[in-house]
Amino acid sequence: MSENTERLKTMIIGSGPAGYTAAIYAARADLKPVVYTGLEPGGQLTTTTEVDNFPGYPDGIDGPSMMVELQQQAERFGTEVRMGRATAVELSDEAGGIHKVTIDEDKVVEAETIIISTGATAKYLNIPSEQRLRGGGVSACAVCDGFFYKGQDVAIVGAGDTAAEEASYLANICNKVTMLVRKDYMRASKAMQHRVDSLKNLEIRYNSEVDEVLGDQVVEGLRIVNNQTGEKEEIAITGLFIAIGHKPNTDIFKGQLDMDETGYIITEAKSTKTNKPGVFASGDAQDKIYRQAVTAAGTGCMAALDAERYLATIEAAPEEVV
């Protein structure tokens, strides 16, 4: 190995709930994990003001504080947390092979096992007022944040199954839900369309887009524009939910790991194993269905256990590690 190359037993790429949970389990199994945080240490939860649905916090906790505590717990068992972004990978096809990861386009790190927990990034409208009020009433997760708007009037943007499902969830707890659909039809399945159509407190507005989110510190209203007529209208709301999809942060693994058409890493059923021996995927990088902190943490645990078992199998084999 060159002076700028390092060999690790377990490398964890990403530092959200999945990454830190994987680190806790890997460290307790003496896998000596090293976590590279990526560009957003702590992941999506660092942009969340209140987390009320993660077990073990009866009074709730803000997202950044929760991620600090997860990091501290991982470090207590010996995890090393490093700032740095994986910019390239070279994954081995062989059982017992060594995987190579380039950090910040400079340092090469070799690892016997890799746990991917790079997460996914929610898509937003990229309107200045929307970005300014993120965390002040603008959210990309109705299941995460909808509870805070119980009994209030809210709006949701989107037209697919996820948007329809989140709109239904909001309609169960909110006074009124206004659903904005950019085209004159929904992309959601017929079953999901029938569900939202049956909700008496949910209004669907077709050919409608967000012109501006109103409010200084928190969301107070929404200016809607009809993209066919140009007519604008303001409505009073306290919460705006964006449900136009997520993009998994998996670009550097393309061409080496099996993925679906949208970039989510495909894992073997009931495991975190990828198509490369010794490479495991956890959290939102491989989960496009649930996308919750607690489910991400669960798959982080699974990935560490899978890595531990993989290493035990390799070390027990008579062949020399490649």
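Each residue is numbered by its place in its chain's sequence as written, counting from 1. Selection of residues for local features in this predicted model requires a pLDDT of at least 70, selection of side-chain atom pairs for listing and counting requires 80 or more, and totals for whole chains, interfaces and linings are taken over all residues. Hydrogen atoms and water are omitted, and side-chain values are computed over all heavy atoms in the structure.

## With respect to the sheet that holds strand β12 (residues 208-214)
Phase 1 of the analysis: Spatial strand order, β12-β13-β14: three strands in an open sheet with antiparallel pairing. Each having just a single partner strand, β12 and β14 (232-236) make up the two edges of the open sheet. In this sheet, adjacent strand axes meet at a mean angle of 30° when their direction is disregarded.
Phase 2 of the analysis: In this structure, β12 lies alongside strand β13 (residues 221-226), joined through six bridges in antiparallel fashion. By the bridge assignment, V213 is partnered in β13 with L222. The pairing criterion is simple: DSSP has to find at least two bridges between the two strands. Counting from the N terminus, the helices are DSSP H or I runs at least four residues long and the strands are E runs at least two residues long. Fitted lines through C-alpha atoms serve as axes, helices being fitted only where they are in contact, and the angles separating the N-to-C directions of these axes extend from 0 to 180 degrees.

## Considering helix α1 (residues 17-28)
Phase 1 of the analysis: What a helix is expected to span follows from its residue count: subtract one and scale by 1.5 Å. Over its 12 residues, α1 runs 17 Å from end to end, which matches the ideal 16 Å to within 8%, given 1.5 Å per residue.
Phase 2 of the analysis: Those residues of α1 that fall on the buried side of the exposure criterion are P17, A18, G19, Y20, T21, A22, A23, I24, A26 and A27.
Phase 3 of the analysis: Looking at the buried positions of α1, the neighbouring elements they touch are β1 (5-13), β2 (33-36), α2 (63-76), β3 (80-82), β6 (107-116) and α7 (293-316).
Phase 4 of the analysis: Of the residues flanking the end of α1, it is D30, one or two places downstream, whose phi is positive at about 65°. The classification of residues rests on relative accessible area computed with a 1.4 Å probe and restricted to protein chains. Under 20% of the type maximum is buried, over 50% is exposed, and intermediate values are partly exposed. Residue contacts follow a heavy-atom distance rule, with two residues in contact if any of their heavy atoms lie within 4.5 Å.

## Some details on the packing of aromatic side chains
Phase 1 of the analysis: Working definition: rings of Phe, Tyr and Trp (its six-membered ring) pair if their centres are within 6.5 Å, and the pair is stacked with planes under 30 degrees apart, edge-to-face with planes over 60 apart, and tilted otherwise. What the rule picks out here adds up to four aromatic pairs.
Phase 2 of the analysis: Between F147 and F148, the aromatic rings sit 6.3 Å apart at their centres with planes inclined by 75°, giving edge-to-face as the arrangement.
Phase 3 of the analysis: Of the residues examined, F147 reaches a relative accessible area of 49% and is grouped as partly exposed.
Phase 4 of the analysis: Looking at F148, the relative accessible area reads 30%, which means it is partly exposed.
Phase 5 of the analysis: Centre to centre, the rings of F280 and Y310 are 6.1 Å apart; their planes meet at 70°, and the pair counts as edge-to-face.

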